[in-house]
Structures are given as C-alpha cells and as structure tokens.
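Structure assessment
Listed below are the residues making up each chain.
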Amino acid sequence: MTRLAGLIEGLDAVVSDGGALDANVTGFAIDNRKVAPGTVFGAFQGLRVNGEDYIADAVKSGAIAVVARPEAKVEGAIHIAHANPRRLFAQLAARYFTPFPDVTVAVTGTNGKTSTVELTRQLWRMMGHHAASIGTLGVTTSVDQVSTGLTTPDIVTFLSNMSGLRREGITHAAFEASSHGLAQYRTEGLPVLAGGFTNLSRDHLDYHGDMDSYFDAKMRLFDEVVGADGAAVVWADDAWSDKVIARVTKRGLRVLSVGVQGQALRLANRTPTQLGQTLEIEVPGEAGGKLYKVNLPLIGAYQAANALTAAGLVIATGGDTAKVLELLGRVQPVRGRLERAVISKAGAPVYVDYAHTPDGLRAAIEALRPHTKGRLIALFGAGGDRDVGKRPLMGQVAAELADHVIVTDDNPRSEEPSTIRAAVMAGATGAQEIGGRRAAIAAAIAQAGADDIVLLAGKGHEQGQIIGDRVLPFDDVTVARECAG
Ligand SMILES: CC(=O)N[C@H]1[C@@H](OP(=O)(O)OP(=O)(O)OC[C@H]2O[C@@H](n3ccc(=O)[nH]c3=O)[C@H](O)[C@@H]2O)O[C@H](CO)[C@@H](O)[C@@H]1O[C@H](C)C(=O)N[C@@H](C)C(=O)N[C@H](CCC(=O)O)C(=O)O
Ligand SMILES: Nc1ncnc2c1ncn2[C@@H]1O[C@H](COP(=O)(O)OP(=O)(O)OP(=O)(O)O)[C@@H](O)[C@H]1O
Ligand SMILES: N[C@H](CCC[C@H](N)C(=O)O)C(=O)O
Ligand SMILES: [Mg+2]
C-alpha cells in the first residue's frame with residue numbers, strides 16, 4: 001500500500017480537501033485515458049491542448065488526486081496545487097516509483113546524445129556493471145531493446161522504466177535529456193549524479209524560438225536536474241562550451257572538460273585509420289600527467305567526441321581512468337550512426353547516419369571524407385513538422401562539403417514532401433532532387449563507382465517512414481542492401 005498522505009508529506013504544495021488522504025495510490029498518469037482507480041493525474045497545459053480540460057474525465061475514471069496549477073478546477077479529488085505542476089508531479093511520481101538505479105547520468109546537446117549514452121552503457125557493462133540506457137533507441141540493456149517512441153519519454157514512462165530497470169538488477173543508467181524533455185520536466189525526480197554536454201547547434205527552433213532559449217532549456221539539466229554535489233562533463237570544443245562551463249561552475253558542480261581544449265581528458269592527437277581512429281589522450285595528474293593511446297574502433301571525429309564524453313561520465317561517477325580509456329578500444333558501433341550498411345556491386349561502401357541537422361550533416365560528411373578516395377555522394381531530406389529554418393542550411397552544408405548531393409524525403413509527416421524538398425534545394429546549389437526515398441537511394445548507389453562512398457543521412461536506426469499519420473516500414477540499411485544487390 002502506498003498512501004497518498006505519505007507521498008505528499010513535506011512537499012512544497014497546497015493540498016486541498018476533496019478526497020481521502022489515506023487512499024491507496026495505484027499509479028500515475030498524465031493522460032486521462034490512462035487513468036485507473038487510485039491514479040494521481042497530472043494536468044498540464046500543453047502545446048496542442050490543455051490537460052486541465054481533462055480533469056473531470058480523469059476523476060470520473062477514478063483519479064484520487066490531481067496535480068495542477070492553483071487556478072485549475074478540481075472537483076471530487078484532492079487538488080495538489082503548484083505553479084509548476086509538471087515539476088511537482090515529477091517529484092511526487094519519483095517518490096512513488098523509487099528506488100532507481102544507484103548511478104544515473106544524463107546527456108544533453110543537439111547531436112551525440114544517443115551515441116554518448118550508448119557508449120556510456122557499453123563502458124559500464126565492460127566494467128562488470130549491470131547497465132542500461134534510455135533514449136532515441138529506446139530502453140537498452142545488454143539483453144534487450146524496447147522502443148518508447150520519443151528520445152526522452154514522458155515522465156511516467158521514464159520513471160516507471162527506471163524503476164523497472166532497478167528491479168531487473170540494473171545499477172547504472174544513462175539517459176538522453178532532450179530539450180523538449182527538459183522543458184517539459186520529463187526526466188526529473190530521481191538523483192542524477194552527472195550530466196554530459198555534447199554540443200549545441202541549430203535544431204528545434206520551431207519549439208524554442210531562438211538559440212538562447214534553446215540553450216537555456218538544455219542548461220536546466222545542470223541548473224536543476226543534476227544534484228548539487230554532482231558533476232558536469234563538458235565537451236570543450238564547441239562554440240557554446242565556455243558558456244556551459246561558466247554556468248556549471250557557478251552552480252558549484254565538479255567540472256570535467258574533455259576534448260582538444262579539455263582539461264580532464266585532453267585530446268592531444270587524433271589519426272583516422274581504416275576501421276577507426278587512434279586517439280592520444282592526456283590526463284593531468286602527478287608528474288606532469290599521463291598520455292594514453294587508444295585505438296577507437298569507430299570512425300569520425302564526432303564519435304571520438306562522444307566516446308570521450310562517455311568516458312568522462314564513467315570517470316565522473318567513479319570509474320578508474322586508465323581502465324575506462326583502455327575499454328574505449330573495445331566499444332561496438334552505435335546503430336545507425338556511421339553504420340556501414342553494405343558495399344555496392346561496384347565496390348562503393350554505403351553508410352547510414354542519423355544526421356538531421358546542418359551540424360550533424362557536416363559532422364557525418366567530414367567523418368567519411370578521410371575514407372573517400374573518389375566522390376562522396378550525400379543523400380538526405382528533412383523531417384516534416386519540424387524546424388523549417390534548418391532545411392536550406394542542411395542543403396548548403398551538403399552542397400559545400402559533398403561531391404554530389406541528392407535531396408529526397410525524410411519523414412514528411414503532415415507536410416507535402418515536394419515543399420520540404422524545395423526548401424532544402426533552395427540551399428543546395430547543384431543538387432539532384434529525387435522524390436521517394438527508395439528511388440533516391442537506388443539512384444545514389446547506381447551512380448557510385450568503386451572509389452566512391454555513399455552517405456544516406458537523416459533516418460539512421462529508424463524502422464519506419466512517417467507519411468501523413470501513417471508509419472510505413474522503412475529501414476535505410478535494408479533498402480541500401482536491396483538496392484546494392
Ligand atoms: C512538442 C512536444 O514535445 N509535445 C509532447 C508533449 O506535448 P504537450 O505537453 O504539448 O501536450 P499536449 O498534447 O498539448 O497535451 C497536454 C496534456 O494533455 C494531456 N491529454 C491530451 C489529450 C487527451 O485526450 N487527454 C490528455 O490527458 C496530455 O497527456 C498532456 O499532458 O507531451 C506529450 C505527452 O507526453 C508528447 O506526446 C508530445 O510529443 C509529441 C508527440 C512530439 O512529437 N514530440 C517531439 C517533438 C519530441 O518530444 N521530441 C524530443 C526531441 C528529440 C531530439 O532531441 O531531437 C524527444 O525527446 O523525443
Ligand atoms: N558529437 C557530435 N558532434 C557533431 N555531430 C554529431 C555528434 N554526434 C553525433 N552527431 C551527428 O548527429 C547524428 C545523430 O547522433 P545521435 O543520434 O547520437 O544524436 P542525438 O543527440 O541523440 O540526436 P536526437 O536529437 O535525434 O536524439 C549523428 O548521426 C551524426 O551525424
Ligand atoms: N529527434 C529528432 C529526430 C529527427 C529525425 C528525422 N528523421 C526527422 O524525422 O526529422 C526530431 O524529432 O526532430
Ligand atoms: Mg538521440
């Protein structure tokens with residue numbers, strides 16, 4: 001039995017009459033359609049609708065308490081009122097779902113979150129811990145991967161997953177904190193020992209408005225989600241890194257900066273090899289510090305960055321530096337991130353990558369350049385119902401850096417595919433436009449000679465293409481194999 005009175009004890013909220021405080025709490029929900037008898041309902045103002053409009057329905061379905069703004073109307077259940085109901089709901093739900101894995105870290109940034117949490121999970125696992133990650137790829141453990149649909153799931157899914165992982169024996173968990181997730185308090189309430197920052201560049205301005213608000217949304221991870229005695233692992237070579245370091249230092253977090261300009265793990269040298277790259281990493285300490293040489297079995301400067309951030313998180317939460325750096329030599333590739341799908345009949349390697357921002361495209365093309373003898377053919381589109389301003393910029397980056405560009409469809413969602421393509425084409429001087437992703441992939445592979453390399457960007461691991469409100473099965477890796485054979 002979990003009594004409501006016990007859960008709300010000491011919480012900073014105004015609690016109304018209207019129900020029994022000794023009632024048994026059976027669960028939490030933020031969608032009235034998921035309310036069962038005994039549920040605590042969170043009623044939040046959303047972008048699409050106002051959750052407060054569903055309070056009466058939630059009470060009818062058996063909600064015993066409603067967390068909502070003081071001005072919301074709650075009848076027939078206890079009103080737990082707070083000006084910031086999402087945050088309060090997270091704290092309350094966490095009291096219900098506790099305990100969680102002992103060591104929990106979070107990663108934010110525009111690009112690299114998925115790769116970093118996945119590499120963190122792998123490092124922990126190789127160190128003998130029971131580890132998991134939660135993010136775009138779903139909930140991943142060493143035996144399972146279950147999709148949640150979003151990068152940062154809703155608060156109830158998140159906390160119940162974290163608690164379920166603990167019951168399965170998971171002691172270490174890394175999760176992706178997207179800017180939407182942070183702005184909506186989707187990952188709160190549990191102790192977070194360290195936060196990682198990968199980078200910041202243009203994305204999601206449809207939601208956040210401008211870069212400063214986008215930055216502030218991300219910084220909530222360090223301002224509020226990571227515990228006051230926690231650590232911040234900061235990729236030091238981004239244009240926003242200094243601002244992040246200043247902010248986390250002001251909060252009093254322990255700072256581990258990593259990268260060429262990093263102080264905790266300094267990337268002294270990076271040399272691409274055929275199947276990966278050699279990293280020389282300087283770690284300050286006694287006797288002038290120590291230089292470690294790591295043969296990272298992943299290609300691309302960006303994966304070196306994510307690997308160092310992951311190593312930083314593991315070290316920040318107690319991992320032995322020498323051991324962690326040694327284990328970087330044994331990590332596995334991350335699904336859909338510079339994944340080699342196939343080698344075409346003509347002999348051209350075809351890579352699938354999840355680049356879906358201008359900066360991501362730049363990183364993916366630059367990663368493949370040292371491995372290209374002939375031409376680099378880049379294929380991509382842009383997602384519908386997302387930041388429209390990034391479209392011509394993606395076109396520009398590709399036109400500038402690739403030798404041949406094919407603009408096609410990503411997930412059009414509710415938009416007209418040709419309109420999205422036109423917006424990308426506006427920046428992509430000299431590009432070829434091919435509607436229909438399968439036809440475009442076939443054309444890209446058919447054009448590639450033995451010395452060329454093909455990059456299929458934007459969809460990475462995704463298993464479907466969202467057209468209208470339907471999701472049609474589509475996997476870039478499978479389609480590439482079909483077109484290559
Ligand atoms: C813009 C956005 O982030 N929207 C998410 C958000 O919506 P919202 O809070 O604005 O909610 P709303 O739909 O207006 O509804 C308001 C409230 O009423 C409730 N409701 C609604 C209808 C109903 O019948 N009954 C009911 O109780 C809802 O549960 C909600 O609490 O909360 C909803 C419930 O959890 C999410 O489903 C929804 O994700 C939509 C589908 C989405 O597309 N999100 C994307 C943009 C997203 O979150 N992406 C990020 C970023 C990925 C990246 O890093 O690139 C991610 O973390 O995945
Ligand atoms: N450190 C990085 N710097 C620049 N670009 C990167 C970096 N890491 C990844 N990328 C690019 O971004 C793409 C997405 O990477 P990843 O999935 O790890 O990021 P993410 O932050 O989880 O994305 P999402 O916002 O969709 O959750 C990669 O396929 C790559 O093209
Ligand atoms: N988390 C990102 C993923 C984008 C992937 C791309 N394939 C698209 O559909 O735009 C988003 O929701 O914007
Ligand atoms: Mg991700």
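None of the values given here were measured: they were computed from a predicted structure.

Observations concerning the overall build of the protein
The helix and strand tally for the protein stands at 16 helices and 24 strands. Taking 2.2 N^0.38 as the reference for a compact globule, 485 residues should give roughly 23 Å; the C-alpha atoms of the protein span a radius of gyration of 24 Å, in line with that estimate. Expressed along its principal axes, the backbone C-alpha trace of the protein runs to roughly 75 × 60 × 40 Å. Relative to its 485 residues, the protein shows a buried fraction of 56%. A separation of at least 24 residues holds for 67% of the contacts in the protein among residues at least 6 apart in sequence. In the protein, the 48 positive side-chain charges and the 53 negative ones have mean positions that sit 3 Å from each other.

Observations regarding the sheet that holds strand 19 (residues 376–380)
Taken together, the six strands give an open sheet; going across it, the order is 17-18-22-19-20-21, and neighbouring strands pair in mixed fashion. The open sheet terminates on both sides in strands that have one partner only, identified here as strand 17 (339–343) and strand 21 (432–433). Bridge count between strand 19 and strand 20 (residues 404–407): four bridges; the pairing is parallel. Pairing of Ile377 across the sheet is with His404, part of strand 20. Helix 12 (residues 358–368) rests against strand 18 (349–353), strand 19 and strand 22 (453–457) of the sheet, and its axis sits at about 160° to strand 22.

Considerations on the site of ligand 1
Close to ligand 1 lie 25 residues; Asn32, Leu47, Thr151, Ser178 and His204 are nearest. Here an oxygen atom of ligand 1 and a backbone polar atom of Leu47 are 2.7 Å apart. Here an oxygen atom of ligand 1 and a side-chain polar atom of Arg86 are 3.0 Å apart. With the chains in place, 79% of the 1100 Å² that ligand 1 exposes on its own is no longer accessible. Here the shell around ligand 1 spans two domains, since at least three of its residues come from each of domain 1 (2–96) and domain 2 (103–328).

Overview of the coordination of the magnesium ion (ligand 4)
Four donors placed tetrahedrally around a metal ideally meet at 109.5 degrees, and six donors placed octahedrally ideally meet at 90 or 180 degrees. For the magnesium ion (ligand 4), the full set of protein donor atoms is Thr114 (OG1), Thr136 (OG1) and Glu176 (OE), and the range of their distances to it is 2.1 to 2.2 Å. Coordination of the magnesium ion (ligand 4) draws on donor residues from a single chain, spaced T-x21-T-x39-E in sequence. Pair noted here: Thr114 is in helix 4 (residues 113–126) and Glu176 is in strand 10 (residues 172–176), with a separation of 62 residues, a long-range link. Of the two residues, Thr114 and Glu176, both sit in the buried class.

Topic: the site of ligand 2
Near ligand 2 lie 20 residues; those nearest to it are Gly112, Thr114, Ser115, Arg337 and Asp353. Here an oxygen atom of ligand 2 sits 2.8 Å away from a polar atom, N or O, in the main chain of Gly112. Between ligand 2 and the protein, one listed contact pairs a nitrogen atom with a side-chain N or O atom of Asn306 at 2.9 Å. Taken by itself ligand 2 offers 630 Å² of open surface, and the protein chains cover 94% of this.

Here we look at the domain arrangement of the protein
Domain assignment breaks the protein into domain 1 (2–96), domain 2 (103–328) and domain 3 (339–484). With 11 residues of domain 1 at the contact, the number on the domain 2 side is 12 residues. Interface area lost by domain 1 to domain 2 is led by Arg86, Arg87 and Ala90, which between them contribute 47%. Run the count over domain 1 and domain 2 and you get two salt bridges.

Brief notes about unusual backbone geometry
Here the bond from Thr98 into Pro99 is cis, since omega is 10°, no more than 30 degrees from zero. Of note, Pro99 is situated in the loop between helix 3 (85–97) and strand 6 (103–108). With phi around 55°, Asp385 is a residue other than glycine that occupies positive phi space. Here Asp385 lies in the loop between strand 19 and helix 13 (390–401).

As for empty space enclosed by the protein
Tallying each qualifying case throughout the model produces one cavity of 30 Å³ or more. By volume, the largest cavity amounts to about 40 Å³. What lines the largest cavity is Thr114, Val117, Glu118, Ser133, Ile134, Gly135, Thr136, Leu137, Gly138, Thr140 and Glu176. If you list the elements that add at least two residues to the lining of the largest cavity, you get helix 4, strand 7 (131–135) and strand 8 (138–140). Tallied by class, residues from the lining of the largest cavity come to three nonpolar, six polar and two charged.

A look at the sheet that holds strand 9 (residues 145–146)
Sheet strands line up and pair through hydrogen bonds in the backbone, either parallel or antiparallel. Pairing is mixed across the open sheet formed by 11 strands, whose spatial order is 9-8-7-10-6-11-12-13-14-15-16. Since the sheet does not close on itself, it has two edges, and those belong to strand 9 and strand 16 (290–296), each with one partner. Contacting strand 6, strand 7, strand 8 and strand 10, helix 5 (residues 155–167) runs over the sheet at an angle of about 170° to strand 7.

A closer look at the packing of aromatic side chains
Counted under the stated rule, the structure contains seven aromatic pairs. Ring geometry for Phe28 and Phe89: centres 5.5 Å apart, planes at 70°, overall edge-to-face. With Phe28 in strand 2 (residues 27–29) and Phe89 in helix 3, the pair connects residues that are 61 residues apart, well separated along the chain. Overall, the relative accessible area of 7% leaves Phe28 in the buried class. Each ring, one from Phe28 and one from Tyr96, has its centre 5.2 Å from the other, and the planes form 45°; the classification is tilted. Within this pair, whereas Phe28 is found in strand 2, its partner Tyr96 is found in helix 3, the two being separated by 68 residues in sequence. Taken together, the aromatic side chains of Phe28, Phe44, Phe89, Tyr96 and Phe97 make up a single cluster linked through ring pairs.

What counts, and at which threshold
- Residues numbered from 1 in each chain as written.
- Chains lettered and ligands numbered in written order.
- Predicted model: local features only at pLDDT ≥ 70, side-chain atom pairs only at ≥ 80, totals over all residues.
- Heavy atoms only, no water.
- Helix = DSSP H or I, 4+ residues; strand = E, 2+ residues; numbered from the N terminus.
- Rg over C-alpha atoms; globule rule 2.2 N^0.38 Å.
- Buried < 20%, exposed > 50% of the residue type's maximum accessible area, 1.4 Å probe, protein only.
- Contact = heavy atoms within 4.5 Å.
- Lys, Arg positive; Asp, Glu negative; His and termini not counted.
- Charge placed at Lys NZ, Arg CZ, Asp CG, Glu CD.
- Pairing = 2+ DSSP bridges.
- Axes fitted to C-alpha atoms, helices over the stretch in contact; angles between N-to-C directions.
- Near = heavy atom within 4 Å.
- Polar contact = N/O pair within 3.5 Å; in protein donor to acceptor, adjacent residues only side chain to side chain.
- Areas by Shrake-Rupley, 256 points an atom, 1.4 Å probe, with all protein chains shown as cover.
- Domains from an automatic or database assignment.
- Donors = N, O, S within 2.8 Å, 3.2 Å for Na, K, Ca; no water.
- Buried area = accessible area lost by both parts, 1.4 Å probe.
- Salt bridge = Lys/Arg side-chain N within 4 Å of Asp/Glu carboxyl O.
- 1 Å grid on protein atoms, 1.4 Å probe; cavity = no way out; pocket = protein on both sides within 12 Å on 5 of 7 lines; lining within 4 Å.
- Points joined across faces, edges and corners; volume = space filled by probe spheres on them.
- Nonpolar A, V, L, I, M, F, W, Y, C, P; charged D, E, K, R; others polar.
- Phe/Tyr/Trp six-rings, centres within 6.5 Å; stacked < 30°, edge-to-face > 60°.

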